[in-house]
Protein chains: 2
Amino acid sequence: MDEAKIFLSERDMPQAWYNINPDLPAPLQPPLHPGTGQPLGPDDLAPIFPMALIAQEMSMDPWIDIPDDVMRVLRLWRPSPLHRAYALEEHLGTPARIYYKNESVSPPGSHKPNTAVAQAYYNREEGVTRIITETGAGQWGSALSFACCQFGIICEVYMVRISYDTKPYRRLLMNTWGAQCYPSPSDRTNSGRAILAEDPDSPGSLGIAISEAVEVAAQADDAKYSLGSVLNHVLLHQTVVGLECKKQFEMVGDYPDIICGNVGGGSNFAGVSFPFVKDKLEGRDIQIIATEPTACPTMTRGLYHYDFGDTAQLTPLLKMFTLGHTFIPPPIHAGGLRYHGAAPQISLLVSQGVMEARALHQKAVFEAAVTFARTEGHLPAPETAHGIRAAIDEALKCKETGEEKCILIGYSGHGHFDLAAYDQYLTGDMVDYELPQEAIDAATEGLAEVE
Amino acid sequence: MDEAKIFLSERDMPQAWYNINPDLPAPLQPPLHPGTGQPLGPDDLAPIFPMALIAQEMSMDPWIDIPDDVMRVLRLWRPSPLHRAYALEEHLGTPARIYYKNESVSPPGSHKPNTAVAQAYYNREEGVTRIITETGAGQWGSALSFACCQFGIICEVYMVRISYDTKPYRRLLMNTWGAQCYPSPSDRTNSGRAILAEDPDSPGSLGIAISEAVEVAAQADDAKYSLGSVLNHVLLHQTVVGLECKKQFEMVGDYPDIICGNVGGGSNFAGVSFPFVKDKLEGRDIQIIATEPTACPTMTRGLYHYDFGDTAQLTPLLKMFTLGHTFIPPPIHAGGLRYHGAAPQISLLVSQGVMEARALHQKAVFEAAVTFARTEGHLPAPETAHGIRAAIDEALKCKETGEEKCILIGYSGHGHFDLAAYDQYLTGDMVDYELPQEAIDAATEGLAEVE
């Protein structure tokens with residue numbers, strides 16, 4: 001039996017990020033200004049992002065060097081291990097070889113700090129002393145808190161109030177790394193005060209929290225805003241995941257036939273898959289499966305259309321798969337996948353058939369999560385378990401056909417703060433959501449007016 | 001800069017556990033039967049432990065081979081990384097080199113599964129189908145649940161009721177791995193029913209939970225009992241930690257001058273330190289610092305005397321440092337260190353001056369924990385932070401003297417389920433406990449009658 005974990009030396013860490021933009025199989029439609037509808041220029045983004053990140057956002061360079069100070073912080077946990085899931089394979093009785101790239105070993109427990117660290121660094125380089133962001137359940141907020149702490153930057157997080165009140169652990173994690181965390185809507189911004197005036201007990205939403213964070217950042221000279229997914233600079237910072245994977249597969253003389261991962265905004269899946277997408281575009285035969293919840297079926301039932309990134313229509317318009325910026329998904333436990341859109345690069349690759357999208361019900365996803373925990377030991381996040389479900393389904397197909405396929409799972413994070421969801425599954429109280437077509441139509445019908 | 005993490009190949013994992021008994025600098029006093037006061041024989045333990053573990057408990061072989069099936073499970077996360085704490089060193093401005101051996105990467109998040117896996121294996125080999133144990137806050141219970149799940153054994157955990165009710169996360173972790181978890185005192189045992197008859201609202205205690213677990217195991221033909229610390233077979237299973245460390249230090253051409261870790265029952269500290277204790281007994285100069293809370297100062301203020309392992313006087317008598325089996329420590333957050341005794345081997349080494357004991361206040365411990373989290377990123381368990389505190393203190397001494405010492409921390413587990421304690425520290429609500437001498441005297445005065 002070969003090794004169950006493939007460790008890479010720090011000397012073999014990728015020295016540059018991979019930017020997929022120049023390699024895309026069709027031209028990317030430009031982001032448009034939310035007010036004018038005209039293609040966006042760097043100056044439009046300057047009030048909220050540092051120039052280096054704006055340059056990366058629009059770059060057509062295939063490789064962008066990773067600065068030494070970013071490498072120094074990534075080395076606190078990177079390179080992450082690539083595991084061979086022997087115990088899961090044996091349990092399934094499959095001839096398939098299953099691997100998972102374990103991003104849960106980072107201090108915040110997910111892939112998110114791969115970009116948070118880079119963003120904090122570039123902000124510091126341009127003299128920014130405060131970074132403002134929003135967070136839902138807290139994965140992104142805790143990652144940015146960790147990163148800002150490493151670069152001596154103040155981090156302020158607007159956290160959706162319902163999560164702030166009911167899920168205190170990630171908030172406490174942010175505090176431990178020195179961040180300020182405010183329940184949103186708050187009385188600190190015009191956007192927040194307007195909502196509170198209408199509804200003092202508002203539970204908040206990601207859309208409101210984005211509005212508050214952007215408002216604070218845009219009005220302050222010393223502060224910038226930071227986003228944890230969707231944009232190209234975020235996606236490319238995540239490619240260290242897939243680049244490490246490729247070297248690790250080389251070490252054991254293997255290569256994936258199938259890649260499975262989950263898509264919320266798309267940064268995790270971009271990270272693990274884009275370096276392999278490059279190979280596929282050059283002719284290699286790889287099946288690339290982007291999973292999402294049936295409760296938020298952006299790629300499988302949404303439209304490929306220009307839309308806003310937020311409810312309040314403050315962000316640029318992006319050409320992407322979307323359920324409409326007013327869509328409110330049912331309360332599934334994979335909070336990180338409850339987003340109405342998907343990154344433009346991911347959307348383009350799905351529309352071109354380079355990636356295939358697959359929607360999954362949450363009970364089937366948690367069944368896979370428990371199977372994984374009872375074989376491989378490690379407890380996946382609900383988001384992560386979507387990719388595991390797809391991988392198990394593909395491995396079971398191999399059991400039927402006898403094919404010895406190599407399957408890679410993007411293991412994006414651990415579920416240590418999601419045990420209440422596991423409890424609901426194990427006690428039989430979990431429900432699935434199947435959206436009626438009218439709900440999709442209602443959410444997307446306004447899109448015709450966008451652009 | 002050298003690598004920040006030293007990864008060992010699975011091929012270089014230790015193939016045998018190190019048993020310190022034959023190398024101890026003075027003879028170990030034998031365990032005594034709780035009823036007769038006579039030295040214990042294997043038959044006395046047979047009702048509650050499998051014979052292979054009883055043999056290890058009394059073995060004088062210095063090396064005991066690790067079975068292949070145990071290795072197969074350990075490989076789900078072992079070998080664990082040895083980190084060089086560059087960021088912490090830089091923050092402290094110390095010339096010392098600080099390393100930490102990271103046991104938090106295991107599925108339950110601590111060193112505990114190193115022995116849980118071995119114990120589950122030997123039980124299965126002897127036909128045991130159920131293992132019964134107790135747990136306080138849940139570290140040990142979750143580790144044994146994980147291990148039993150790997151070997152198809154039913155795991156039943158009696159969890160102190162106050163923790164069962166107020167700290168649900170580790171209980172949910174046990175359920176996810178398929179274990180049954182009962183609040184103790186329960187109505188499932190004579191011991192539990194007797195307590196409930198007197199006090200239906202009893203919050204429970206580790207002593208009561210041990211009584212219930214031992215009672216169930218002793219009365220059933222298909223079940224055995226399992227203990228997560230104190231006993232020799234537990235300590236030796238943990239030596240994979242220190243044995244891996246030695247190979248990792250060899251890889252970078254370094255060797256510790258100082259080893260810091262925490263002692264509850266002692267298994268974690270035995271694991272990281274015993275392979276180095278062997279070198280020290282052969283003449284190598286190493287300072288070995290065993291830390292404990294001032295609120296439960298077993299080694300610094302207890303007596304070195306025979307005592308029971310549990311409140312109910314069911315266990316064998318062990319010669320050890322003890323605060324008396326009736327001692328109830330104040331409610332510090334490092335629940336795993338709230339034990340009245342310390343393993344006989346650790347106690348003997350402290351009494352012989354091979355190890356030094358050091359008591360620490362919890363506010364100073366949490367200050368160290370937060371410093372660690374804000375530099376190295378990873379969030380230590382409160383227990384683990386005791387060793388970090390001692391290491392930081394030693395590193396600051398090096399800053400004064402200019403000595404370039406090499407310091408090793410036994411990083412026993414993560415603090416993902418301890419964020420409420422961090423919150424209490426950060427908001428200034430944490431208190432320290434200094435026990436008056438009368439409290440120690442009152443707890444230990446009964447020991448004269450023991451034996």
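Residues numbered from 1 in each chain as written. Chains lettered and ligands numbered in written order. Predicted model: local features only at pLDDT ≥ 70, side-chain atom pairs only at ≥ 80, totals over all residues. Heavy atoms only, no water.

### Observations regarding the overall build of chain A
Going by this rule: The helix count covers DSSP runs of H or I at least four residues long, the strand count covers runs of E at least two residues long, and both are numbered beginning at the N terminus. We compute the radius of gyration from the C-alpha atoms alone; for a globule the expected value is 2.2 Å times N to the 0.38, where N is the number of residues. Throughout this description, buried means an accessible area under 20% of the type-specific maximum (1.4 Å probe, protein chains only), exposed means over 50%, and partly exposed covers the range between. Contact criterion: two residues are considered in contact whenever any of their non-hydrogen atoms come within 4.5 Å of each other.
Looking only at helices and strands, chain A features 19 helices and 15 strands. Its C-alpha atoms give chain A a radius of gyration of 21 Å, within 12% of the compact-globule value 22 Å for 451 residues. Overall size of chain A, expressed as C-alpha extent along the three principal axes, is 60 × 50 × 45 Å. Relative to its full complement of 451 residues, chain A shows a buried share of 65%. Look at the contacts in chain A between residues 6 or more apart in sequence, and 76% of them connect residues 24 or more apart.

### Here we look at empty space enclosed by the protein
The following threshold applies: Only protein atoms enter the calculation, which uses a 1 Å grid: trapped sets of points that fit a 1.4 Å probe without letting it out are cavities, open sets showing protein on both sides within 12 Å along at least five of seven lines are pockets, and any residue with an atom within 4 Å of a point is a lining residue. Grid points are joined across faces, edges and corners, and a volume is the space filled by probe spheres set on the points. Charged residues are taken to be Asp, Glu, Lys and Arg, nonpolar residues to be Ala, Val, Leu, Ile, Met, Phe, Trp, Tyr, Cys and Pro, and polar residues to be all remaining types, Gly included.
A full pass over the atoms with the stated rule returns 6 cavities of 30 Å³ or more. Roughly 440 Å³ of internal volume is contained in the largest cavity. If you go around the largest cavity, you meet 33 residues; those closest to its centre are Ser104(A), Val105(A), Asn102(B), Ser104(B) and Val105(B). Of the residues contributing to the lining of the largest cavity, the split by class is 17 nonpolar, 14 polar and 2 charged.

### Description of the domain arrangement of chain A
Interface size is commonly expressed as the accessible area that is lost once the parts come together. Residue and element names in this part refer to chain A. Spelled out, the test is: Here the limits of each domain have been adopted from an automatic or database domain assignment. By buried area we mean how much accessible surface two parts lose on assembly, using a 1.4 Å probe and totalling the loss over both.
For chain A, the domain assignment lists domain 1 (17-66 + 112-232) and domain 2 (79-109 + 238-436). Taken over C-alpha atoms, the centre of domain 1 sits 23 Å from the centre of domain 2. Facing 40 residues of domain 1, the contacting portion of domain 2 comprises 39 residues. Roughly 3,300 Å² of surface becomes buried between domain 1 and domain 2 when both sides are summed, with 69% attributable to carbon and sulfur atoms. Area buried by domain 1 at its contact with domain 2 is led by Tyr18, Asn114 and Val230, which between them contribute 19% of it.

### Quick word on the interface of chain B and chain A
Quick reminder of the rule: By definition, a salt bridge exists where a carboxyl oxygen of Asp or Glu is found within 4 Å of a side-chain nitrogen of Lys or Arg.
Between chain B and chain A, the contact holds 47 residues from the first and 47 residues from the second. Buried area between chain B and chain A, both sides added, is near 4,000 Å², and the carbon and sulfur share of it is 56%. Contact with chain A buries surface across chain B, with Glu3(B), Thr176(B) and Leu419(B) losing the most and accounting together for 16% of the total. Counting every contact that joins chain B to chain A gives 4 salt bridges.

### Regarding the relation of the copies chain B and chain A
We count it as follows: The copies are overlaid by a least-squares fit using only the C-alpha atoms of residues whose pLDDT is at least 70 in both copies.
Here chain B sits on chain A after a turn of 180 degrees about the axis and a move of 0.0 Å along it, with an RMSD of 0.0 Å. Here the copies are linked by what is in effect a two-fold axis. A shared binding surface is used by both copies, with 100% of the interface residues of chain B retained as interface residues in chain A.

### Points about the pattern of salt bridges
Per the counting criterion, the structure on display carries 44 salt bridges over all chains. A salt bridge links Lys405(A) to Glu403(A), with the nearest nitrogen and oxygen atoms 3.9 Å apart. Residue classification places Glu403(A) among the partly exposed positions, given a relative accessible area of 37%. A salt bridge links Arg124(B) to Glu125(B), with the shortest nitrogen-to-oxygen separation between them at 3.2 Å. In this structure, a network of salt bridges that share partners links the residues Arg78(A), Lys101(A), Glu103(A) and Glu244(A).

### Let's talk about the side chain of Glu156(A)
Inspection of the secondary structure assignment puts Glu156(A) in strand 7 (residues 154-160). Beyond its immediate stretch of four places on either side in the chain, Glu156(A) contacts Arg130(A), Ile131(A), Ile132(A), Thr133(A), Gln180(A), Tyr182(A), Arg188(A) and Val216(A).

### Here we look at helix 16 (residues 362-375) of chain B
In an α-helix, one turn spans 3.6 residues; hence positions three or four apart end up facing the same way. Just so we agree on the cut-off: To estimate how far a helix should extend, the number of its residues minus one is multiplied by 1.5 Å.
Between the first and last C-alpha of helix 16 of chain B there are 20 Å, a value that for 14 residues agrees with the 20 Å anticipated at 1.5 Å per step. Listing the buried residues of helix 16 of chain B in full gives Gln362(B), Val365(B), Phe366(B), Ala368(B), Ala369(B), Val370(B), Phe372(B), Ala373(B) and Thr375(B).

### Quick word on the environment of Val216(A)
All names here are of chain A. Checked against the element boundaries, valine 216 lands in helix 10 (residues 206-219). Residue valine 216 is classed as buried on the basis of its relative accessible area of 14%. Note: C-alpha distance between valine 216 and lysine 246 (30 residues apart in sequence) is 41 Å. Not counting residues within four places of it along the chain, the set of residues in contact with valine 216 comprises Arg130, Ile132, Glu156, Tyr158 and Thr189.

### Notes on helix 8 (residues 168-176) of chain B
Every buried residue of helix 8 of chain B is accounted for by Arg170(B), Arg171(B), Leu172(B), Leu173(B), Met174(B) and Thr176(B). At the exit of helix 8 of chain B stands Gly178(B), carrying a positive phi of roughly 90 degrees.

### Quick look at the sheet that holds strand 9 (residues 223-225) of chain A
Either a parallel or an antiparallel arrangement is found when strands of a sheet pair, and the pairing is made through backbone hydrogen bonds. Residue and element names in this part refer to chain A. Keep this limit in mind: Pairing between strands is defined by DSSP: at least two bridges between them are needed. Under this scheme, a helix contributes an axis fitted over its contacting stretch, all axes are lines through C-alpha atoms, and angles between N-to-C directions fall in the 0 to 180 degree range.
With respect to topology, 4 strands assemble into an open sheet ordered 8-7-6-9, the strand pairing being parallel. The strands lining the two open edges of the sheet, one partner per strand, are strand 8 (180-184) and strand 9. Neighbour-to-neighbour, the strand axes of the sheet open up by a mean angle of 25 degrees, direction not taken into account. Along the sheet face, helix 6 (residues 139-151) touches strand 6 (130-135) and strand 7 and points at about 160 degrees away from the line of strand 6.

### Considering unusual backbone geometry
For the peptide bond that leads from Arg78(A) to Pro79(A), omega is -5 degrees, which places it in the cis range. Look at Val230(B): it is not a glycine, yet its phi comes out positive at around 70 degrees. Turning to its location among the elements, Val230(B) is positioned in the loop between strand 9 (223-225) and helix 11 (232-237).

### Details of the packing of helix 13 (residues 267-281) of chain A against helix 15 (residues 344-351) of chain A
All names here are of chain A. The condition is simple: When describing relative orientation, an angle under 35 degrees is termed roughly parallel and one over 145 degrees roughly antiparallel, while 65 to 115 degrees is termed roughly perpendicular and anything else oblique. Note on convention: near helix rotated counterclockwise from far helix by under a right angle means a left-handed crossing. Clockwise means right-handed.
In contact at an axis separation of 11 Å, helix 13 and helix 15 are set at 50 degrees when each is read in the N-to-C sense. Considering their axes alone, helix 13 and helix 15 lie oblique with respect to each other. Of the two elements, helix 13 crosses helix 15, and the hand of that crossing is left-handed. For the pair helix 13 and helix 15, the contacting residues are Phe269, Ala270, Phe274 and Val277 in the first and Gln345, Ile346 and Leu349 in the second. For the contact of helix 13 with helix 15, the class distribution of residues is 6 nonpolar, 1 polar and no charged.

### What about the packing of helix 12 (residues 240-252) of chain A against helix 13 of chain A?
Residue and element names in this part refer to chain A. Between helix 12 and helix 13, whose axes approach to 6 Å, the crossing angle comes to 65 degrees. Like other packed secondary-structure pairs, helix 12 and helix 13 cross with a definite hand, here right-handed. Each of Val241, Gly242, Leu243, Cys245, Lys246 and Phe249 in helix 12 lies in contact with helix 13, whose residues at this interface are Gly271, Val272, Pro275, Phe276 and Asp279.

### As for the sheet that holds strand 10 (residues 258-262) of chain B
Residue and element names in this part refer to chain B. Read across the sheet, 7 strands follow the order 1-4-5-15-10-11-14 without closing on themselves; strand pairing throughout is mixed. Whereas interior strands pair on both sides, the edge strands pair on one side only; in this sheet they are strand 1 (5-6) and strand 14 (356-360). Summarising the sheet, strand 10 and strand 11 (residues 287-293) pair through 5 bridges and their orientation is parallel. Each bridged residue has a counterpart across the sheet, and for isoleucine 259 the counterpart in strand 11 is isoleucine 288.

### Describing the environment of Ala421(A)
Residues and elements named next belong to chain A. On the secondary structure map, alanine 421 appears in helix 18 (residues 419-426). Separated by 55 residues in sequence, alanine 421 and phenylalanine 366 place their C-alpha atoms 8.8 Å apart. Non-local contacts of alanine 421, meaning those with residues more than four positions away in its chain, are made with His333, Phe366 and Met430.

### A few points about the packing of aromatic side chains
Operational definition: Stacked, edge-to-face and tilted labels apply to pairs of Phe, Tyr and Trp rings (six-membered ring for Trp) whose centres lie within 6.5 Å, assigned for plane angles under 30 degrees, over 60, and everything in between, in that order.
The full count for this structure, using the stated rule, is 38 aromatic pairs over all chains. Seen from their ring centres, Tyr18(A) and Trp63(A) are 5.3 Å apart, and the 45 degrees between their planes marks the pair as tilted. Separated by 45 residues along the polypeptide, Tyr18(A) in strand 2 (residues 16-18) and Trp63(A) in strand 3 (residues 63-65) bring together distant segments of the chain. With relative accessibility at 1%, the residue Tyr18(A) sits in the buried group. Summarising the aromatic geometry, the rings of Tyr100(B) and Tyr411(B) are spaced 5.1 Å apart at their centres and angled 50 degrees between planes, so their arrangement reads as tilted. Of this pair, Tyr100(B) sits in strand 5 (residues 97-102) while Tyr411(B) sits in strand 15 (residues 406-411), and the two are 311 residues apart along the sequence. Look at Tyr411(B) and you get buried, because its relative accessible area is 0%.

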